[in-house]
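# Observations on chain architecture
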Amino acid sequence: MASIPKITRLQAQEEAKAWNPQAIWQPPSSTQRFFDRLFRRMTYVFAGFTIVLIALLVVEIAIKAIPAFREYGFSFLAGRVWDPNKGVFGILPEIWGTLYTSLLALFFGTLFGVAAALFLSESYLGEAVFRFLKLFDLHFHPFWGKLPERLEALLKNLIELLAAVPSVVYGLWGLFVVIPLIRPYCNWLHTHMGWFPLFSTDLSGPGIFPAVFVLSIMILPTITAISRDALVSVPPKLRMAAYGLGATRWETILGVLLPTASRGIFGGVVLAFGRALGETMALAMLVGNANRLTVSLFSPADTLAALLANNFPEAGAKEIPVLMYAALVLLAITLVVNMFGALVLERAAGKAAAK
Amino acid sequence: MSDLKPVPIKGPEESSDFIHKMEAQAEKNPFEGVSFEDLEVSLYRPRTAFSAILTWIVTFMTIAALVPLFAVLWMLIWRGGKKLSLELFTALPPAPLEQGGGFGNAILGTVVMVAVATLITVPLGVLTGVFLAQAPNNSKLAGAVRFSSKVLTGFPSILAGVFAYGAIVLVTGGYSAIAGAVALSILMLPTIILTSESAISMVPARMKEASIGMGATGAQTVWMVLLPTAAPGILTGVMLAIARAAGETAPLLFTALFSNYWLNSGGHFNLMQPTASLAVLIYNFSGMPFKNQVELAWAAALVLVVLVLITNLIGQSFSRQQVQL
């Protein structure tokens, strides 16, 4: 223990006289005020930079695309041939491929993603574990009793961590695991139900279906995380009121919880759609890169992002403006979808706050 | 009947009247008109059966959704783990048909590019976050900035590459690590802005008010009170952004390209040359018809996923340590 230095009464009085409050608290000096102003300006400028950045991204790509736009105009969007040697370019198959794969992946991703979100938000896992523990009379045990909650949190974190797995890894998995695995079943479908347009070709390697399969797995964590948040933030009194009126659990879910959370879920689905549209690597590896306009699930096709990824590294001077034009189309599609999604989520948050 | 209130003592006529009333009531069935069969919770009743069936369907769908997710991790460990050795981290990528080899230069390239991107993004993103957290609620600029960073969150990664290609590769005349880093920083920016905004606005208002009350300027309050208090949350955001950037392939394909050599080959560190990265290595090697290259791609995928997940977990541990004020 440090000893406190003893001072006489006189010394204390002397010190009190010498004490200058100005030395401790004082108005900011002019230098400090200058730095304050500088700092404020800087945050202002940096914040404005974000808006400028979006404008810059659009302008940069648009300017580089102008030569191609002059040459091909809007017929570029409707052309079906991509031949650098003849100088003929069209991206209709790519636009179709982008929308087709994303919408299919969105359908499966939403179906399974919302189901998983319901499973998590209704804490089915916790309930099952609790019942299991009750058999052994451990449900209030200091360690085992906490297991239901812990497992729930673990499952939720695991699903969120899986969203962090890079897309190129999913592509690798799709290429070497999924395609060999599903190929016999797909070809069986083709030989027995080939008259149905969706199965009209056989799967000889990469194709739309493996791409959709992997893409829906990739967007599932996004949909699950956002939908779970939306479901959890439904006010508990609504659920209690529904139970109080005698509704069963699923009548409550379908009649009260899902409609109340629908806006948040919808916003999440739109954001996932934007992600699926812009997803590059998994598709470039799995979709087959064939310039084909098709509805068959097992045929190779192409998407805008995959087209860019495959052609940019070896593009000649003549091809670059054309690719920039294709990038501009992709940019327009994703910006519209993302803005729509951000607006919907903002509205949903506003409504939730108003309650 | 035991919990009836004691009957007040009244005259004989009144009291007998009361007893008659009670008897009449007791004879009447209070549950008249209620069908107990309807209330029974039994799987034979359509309403409860419907509920149980849907519960099973949802459970089944969740398991079906989780199986592929875990299959990815399992295959990574199984196929990538077989090849794991120290050589992977020190050797250069092998030529076709050559055995052995590694991807040390790709790990270095990824780390360097992500580091440069972080250096670009953190000052920009954190200061924008400060601006958003400090701006008044009705500020139109803040609203626009917030909205545009949300839009940037969903910006396709390949378009960041296209932008960096047009703005840097074409201008400087060659593929480079700097171009790759710029492309990555566009993807990191929105995450850092949004997380640092929420971290700073979670600092209790009383701390900010105390600082201003003692005569600190706005800048002093931000540097000495807000940023140190919000640091764990900001660090979480930075780590999440780093984890995302490390796994990105598309923006690097035609900005940093790929290289079979070390970043510092030729004696000095040169950021203006084509640079290898783990993600691009996985993509390139997965398309090759050689067994050794495909195995290396799996091993690289395992290393990349482990790096990304560790970065993620470190980031999350920062916000878990945060002191509850």
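One can find the structure itself at the top, above this paragraph.
Here goes a summary of the coordinates provided. Just so it is clear, the model here is predicted, and its values are computed rather than measured.

Criteria and cut-off values
Residues numbered from 1 in each chain as written. Chains lettered and ligands numbered in written order. Predicted model: local features only at pLDDT ≥ 70, side-chain atom pairs only at ≥ 80, totals over all residues. Heavy atoms only, no water. Helix = DSSP H or I, 4+ residues; strand = E, 2+ residues; numbered from the N terminus. Expected span 1.5 Å × (residues − 1). Bend = angle between axes of the 7 residues up to and from the residue. Buried < 20%, exposed > 50% of the residue type's maximum accessible area, 1.4 Å probe, protein only. Polar contact = N/O pair within 3.5 Å; in protein donor to acceptor, adjacent residues only side chain to side chain. Contact = heavy atoms within 4.5 Å. Axes fitted to C-alpha atoms, helices over the stretch in contact; angles between N-to-C directions. Parallel < 35°, antiparallel > 145°, perpendicular 65-115°, else oblique. Nonpolar A, V, L, I, M, F, W, Y, C, P; charged D, E, K, R; others polar. Core = buried A, V, L, I, M, F, W, Y, C linked by side-chain atoms within 4.5 Å. Phe/Tyr/Trp six-rings, centres within 6.5 Å; stacked < 30°, edge-to-face > 60°. Salt bridge = Lys/Arg side-chain N within 4 Å of Asp/Glu carboxyl O.

### Brief notes about the environment of W56(B)
Along the chain, the position of W56(B) falls in helix α3 (residues 46-81). Residues W56(B) and A231(B), spaced 175 residues apart in sequence, show a C-alpha to C-alpha distance of 44 Å.

### Structural notes on helix α5 (residues 104-134) of chain B
For the α-helix, the turn length of 3.6 residues means that residues three or four positions removed from each other point alike. All names here are of chain B. Taking 1.5 Å of rise per residue, 31 residues should cover 45 Å, and α5 covers 44 Å from first to last C-alpha, within 8% of that figure. In α5, a bend of some 35° at T121 exceeds every other bend along the element, and P123, a proline, comes one to four places later. Among the 31 residues that make up α5, 22 are buried, leaving the element largely enclosed by the rest of the structure.

### Quick look at helix α10 (residues 218-247) of chain B
Given a rise of 1.5 Å per residue, 30 residues ought to cover 44 Å, yet the end C-alpha atoms of α10(B) are separated by just 38 Å, more than 12% below that figure. Along α10(B), the sharpest change in direction is near 60° and occurs at A231(B); proline P232(B) comes one to four residues later.

### Looking at the side chain of S299(A)
All names here are of chain A. By the element assignment, S299 lies in the loop between α11 (281-286) and α12 (304-311). One polar contact links S299 to R292, side chain to side chain, over a distance of 3.3 Å. Dropping the residues within four chain positions of it, S299 is found in contact with T201, G207, I208, R292 and T294.

### Side note on the packing of helix α7 (residues 167-193) of chain A against α3(B)
Between α7(A) and α3(B), the least distance of the axes is 10 Å, while the angle of their chain directions is 80°. In terms of orientation, α7(A) lies roughly perpendicular with respect to α3(B). From α7(A), V169(A), Y170(A), W173(A), F176(A) and V177(A) reach across to α3(B), where they touch P68(B), L69(B), A71(B), V72(B), M75(B), L76(B) and R79(B). Grouping the amino acids of the contact of α7(A) with α3(B) by side-chain chemistry returns 11 nonpolar, no polar and 1 charged.

### Topic: the nonpolar core
With 190 residues, the main nonpolar core has L308(A) and F103(B) as its most contacted residues. Apart from residues no more than four positions distant in its own chain, F103(B) is found in contact with L88(B), A91(B), L278(B), L281(B), L296(B), A299(B), A300(B) and V303(B).

### Some thoughts on the packing of aromatic side chains
Scanning all chains against the criterion turns up 26 aromatic pairs over all chains. When the centroid spacing of 4.8 Å and the interplanar angle of 15° are considered together, the rings of W96(A) and Y100(A) count as stacked. Separated by 4 residues within a single helix, W96(A) and Y100(A) lie in helix α4 (residues 92-121), roughly one turn from each other. We classify W96(A) as partly exposed; its relative accessible area is 31%. Arranged with centres 4.7 Å apart and planes meeting at 70°, the rings of F312(A) and Y165(B) form a pair that is edge-to-face. Placement of the pair is F312(A) in the loop between α12 and α13 (319-354) and Y165(B) in helix α7 (residues 157-172), with the two residues belonging to separate chains. Judged by its relative accessible area of 0%, F312(A) falls in the buried class. Taken together, F69(A), Y72(A), F74(A), F76(A), W82(A), F89(A) and Y325(A) form an aromatic cluster joined through their ring pairs.

### Focus on unusual backbone geometry
The backbone of S123(A) sits at a positive phi, close to 45°, despite the residue not being glycine. By relative accessible area, which is 29% here, S123(A) ends up partly exposed.

### Quick notes on the interface of chain A and chain B
Listed as interface residues are 76 residues of chain A and, on the opposing side, 80 residues of chain B. Applying the counting criterion to the chain A and chain B interface returns 1 salt bridge. In this structure, E251(A) and R47(B) form a salt bridge, with 2.9 Å as the shortest nitrogen-oxygen distance. Summed over the shared surface of chain A and chain B, the number is 12 residue pairs in polar contact (both at pLDDT 80 or more).

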